[in-house]
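Read off the chains here:
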Amino acid sequence: MSLREKLADSEGSLATATDYPPNDYPVWSYWTYETHMADLKELWAEIRESLKRDHDKVPFIDEKLQEAFAAFDAGEKDRGVKAILAIYNLEVDQLR
């Protein structure tokens with residue numbers, strides 16, 4: 001999968017994380033919070049190693065992802081969603 005495809009997948013995954021924080025995943029979905037967050041972490045690990053031009057954004061994204069995971073795990077959905085939106089608003093599909 002190309003970097004562009006990974007970035008697009010990451011953007012979609014971030015958007016989903018704002019719609020379905022923990023315990024809000026539809027019962028009909030095969031996705032769970034755990035599988036979604038694992039997928040997001042894996043995508044980011046692959047993307048972060050490939051960024052050249054926007055490598056300066058890596059620390060910010062790392063920090064916000066950790067903040068989101070900690071907030072979601074603590075049951076603080078609003079704080080987790082806010083951290084995810086901070087990443088999403090960087091227009092991750094445009095990173096290079």
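Each remark here, short or long, concerns the structure printed above.
Read on for a plain summary of the structure.

### Examining the overall build of the protein
Then, number 1: Tallying secondary structure elements over the protein gives four helices and zero strands in all.
Then, number 2: Relative to the compact-globule value of 12 Å for 96 residues, the protein shows a C-alpha radius of gyration of 13 Å, a close match.
Then, number 3: Each of the three principal axes of the protein carries a C-alpha extent, and together these read 40 × 25 × 20 Å.
Then, number 4: Relative to its 96 residues, the protein shows a buried fraction of 38%.
Then, number 5: In the protein, 62% of the contacts between residues at least 6 apart in sequence involve partners at least 24 apart.
Then, number 6: Just so you have it, the protein exposes about 5700 Å², and 51% of that area is on carbon and sulfur atoms.

### Brief notes about the environment of Met 37
Then, number 1: Position of Met 37 relative to the elements: it lies in helix α2 (residues 33-50).
Then, number 2: The sequence separation of Met 37 and Arg 48 amounts to 11 residues, and the corresponding C-alpha distance is 16 Å.
Then, number 3: With residues up to four places along the chain from it excluded, the contact list for Met 37 reads Ala 17, Tyr 25, Phe 69 and Phe 72.

### Topic: unusual backbone geometry
Most peptide bonds are trans, and most residues other than glycine sit at a negative phi.
Then, number 1: The phi angle at Glu 91 is positive, at roughly 60°, despite the residue not being glycine.
Then, number 2: Mapped onto the elements, Glu 91 comes out in the segment after α4 (77-88).

### Observations concerning α2
Then, number 1: Taking 1.5 Å per residue, 18 residues should reach 26 Å; α2 reaches 26 Å between its end C-alpha atoms and fits that length.
Then, number 2: Here α2 has its buried residues at Tyr 33, His 36, Met 37, Leu 40, Leu 43, Trp 44 and Ile 47. Considered in projection along α2, the buried side chains sweep an arc of 125° and stay on one side of the axis. Exposed residues pointing more than 90 degrees away from the buried face of α2 are listed as Glu 34 and Glu 49.
Then, number 3: Residues of α2 that are buried in the fold lie against α1 (3-19), α3 (58-73) and α4.

### Concerning the nonpolar core
Then, number 1: Judged by nonpolar contacts, the single largest core of 22 residues is most densely connected at Met 37, Leu 40, Trp 44, Leu 65, Phe 72 and Ile 84.
Then, number 2: Broken down by secondary-structure element, the contributors of at least two residues to this core are α1, α2, α3 and α4.
Then, number 3: Considering every element that reaches this core, the biggest residue donor is α3, with six residues.
Then, number 4: Once residues lying within four places of it in the same chain are set aside, the contact partners of Leu 40 are Ser 10, Ser 13, Leu 14, Leu 65, Phe 69 and Ile 84.

What counts as what
Residues numbered from 1 in each chain as written. Predicted model: local features only at pLDDT ≥ 70, side-chain atom pairs only at ≥ 80, totals over all residues. Heavy atoms only, no water. Helix = DSSP H or I, 4+ residues; strand = E, 2+ residues; numbered from the N terminus. Rg over C-alpha atoms; globule rule 2.2 N^0.38 Å. Buried < 20%, exposed > 50% of the residue type's maximum accessible area, 1.4 Å probe, protein only. Contact = heavy atoms within 4.5 Å. Areas by Shrake-Rupley, 256 points an atom, 1.4 Å probe, with all protein chains shown as cover. Expected span 1.5 Å × (residues − 1). Arc of directions from axis to C-beta. Core = buried A, V, L, I, M, F, W, Y, C linked by side-chain atoms within 4.5 Å.

The values are spatial; any link to function lies outside them.
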